[in-house]
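Listed below are the residues making up each chain.
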Amino acid sequence: MEKLIEKVSTLLEALPYIREFYGKTVVIKYGGNAMVNEELKKAFAEDVVLLKYVGINPVIVHGGGPQIGELLKKLNIPTRFVGGMRVTDRETMNVVEMVLVGQVNKEIVKLINSHGGNAVGLSGKDGNLIIAEKINSKEYLSQVRAPEIIDLGFVGKVKRINPEIVNKLLESKFIPVIAPVGIGEDFEAYNINADLVAGEMAAALKAEKLIMLTDVEGLKDKEGNLIHTLPRFQITDLIENGTVSGGMIPKVKACEIALTGGVKKTHIIDGRVKHSILLELFTQKGIGTEIV
């Protein structure tokens, strides 16, 4: 009986948060170990489906870097990163689109649906969802203090989001799953960092929250201590003094974009923890770093 009462207490702890977020949209950036470990994949799908059933609208934006790297290696196509971005020539772009849209996106849709959800896969080309433009390589790489300045190729940035198709899916009780491939006004496909797409998507949808799943506990200071709460205005200082570097830069930039666009809170959490999404949303303490 005590165990049953404990389960009821857990549900009651979540109740205020379910009430608070009912009918709201939560954008989740899905990537890292949570995409490859079978137990974590199952937990992620369960979290997303549960959110939908309690009246919260999850929107998934996913990466796929390891899968892209694996196929590039098999095809003997060299790959390199500068400033946290993959250098993307036309041959690489073809592989990126094939993996993100044709493989990873469909696998995530299948994963969610196999756990009782009703997911639909999209790329930026569908309904002109993500209009992209080529990134200014010199400007970006200078901002992130990259060791060299080169042309990043078909690496894009979001010019605008047309969220109508996502809103229609949410109204129809579907779970949108979005691959970060944008379409330019020149009709070229562009590889866009999934973190930045998630930030722009959260802003365009006026989401309640943006949650970034990572392979670390959250942001840490120079002494290695977890930063539980970070004010937005400190982001630039942390990048400039090197506290935030490499692949973490697009994540904090995405949070900054979302907050500037009206999102109430953003979270960088450890996707290696089972049910990390529910722990962040439905418990008082939460996990990881919140940027506000």
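Scroll up to find the structure this text is about.
Now for a quick tour of the structure. (Residues numbered from 1 in each chain as written. Predicted model: local features only at pLDDT ≥ 70, side-chain atom pairs only at ≥ 80, totals over all residues. Heavy atoms only, no water.)

Examining the sheet that holds strand β5 (residues 119-123)
Phase 1: Pairing is mixed across the open sheet formed by eight strands, whose spatial order is β5-β8-β2-β1-β11-β13-β14-β12. Edge positions in the sheet fall to β5 and β12 (229-230), since each of these pairs with one other strand and no more.
Phase 2: When β5 meets strand β8 (residues 175-179), the two strands line up parallel, connected through five bridges. Paired with S123 across the bridge in β8 is A179.
Phase 3: Sitting on the sheet, helix α7 (residues 194-204) is in contact with β1 (25-30), β2 (57-62), β8 and β11 (209-214), with an inclination near 175° to β1. (Pairing = 2+ DSSP bridges. Helix = DSSP H or I, 4+ residues; strand = E, 2+ residues; numbered from the N terminus. Contact = heavy atoms within 4.5 Å. Axes fitted to C-alpha atoms, helices over the stretch in contact; angles between N-to-C directions.)

Focus on the packing of aromatic side chains
To describe a pair of aromatic rings, you give the distance between the ring centres and the angle between the ring planes.
Phase 1: Under the definition given, this model contains two aromatic pairs.
Phase 2: Here the aromatic rings of F154 and Y190 are separated by 6.0 Å at their centres, their planes lie at 50°, and the arrangement is tilted. Within this pair, whereas F154 is found in the loop between α5 (137-143) and β7 (155-161), its partner Y190 is found in strand β10 (residues 189-192), the two being separated by 36 residues in sequence.
Phase 3: For F154, a relative accessible area of 17% corresponds to the buried category.
Phase 4: Note on Y190: relative accessible area 6%, which makes it buried. (Phe/Tyr/Trp six-rings, centres within 6.5 Å; stacked < 30°, edge-to-face > 60°. Buried < 20%, exposed > 50% of the residue type's maximum accessible area, 1.4 Å probe, protein only.)

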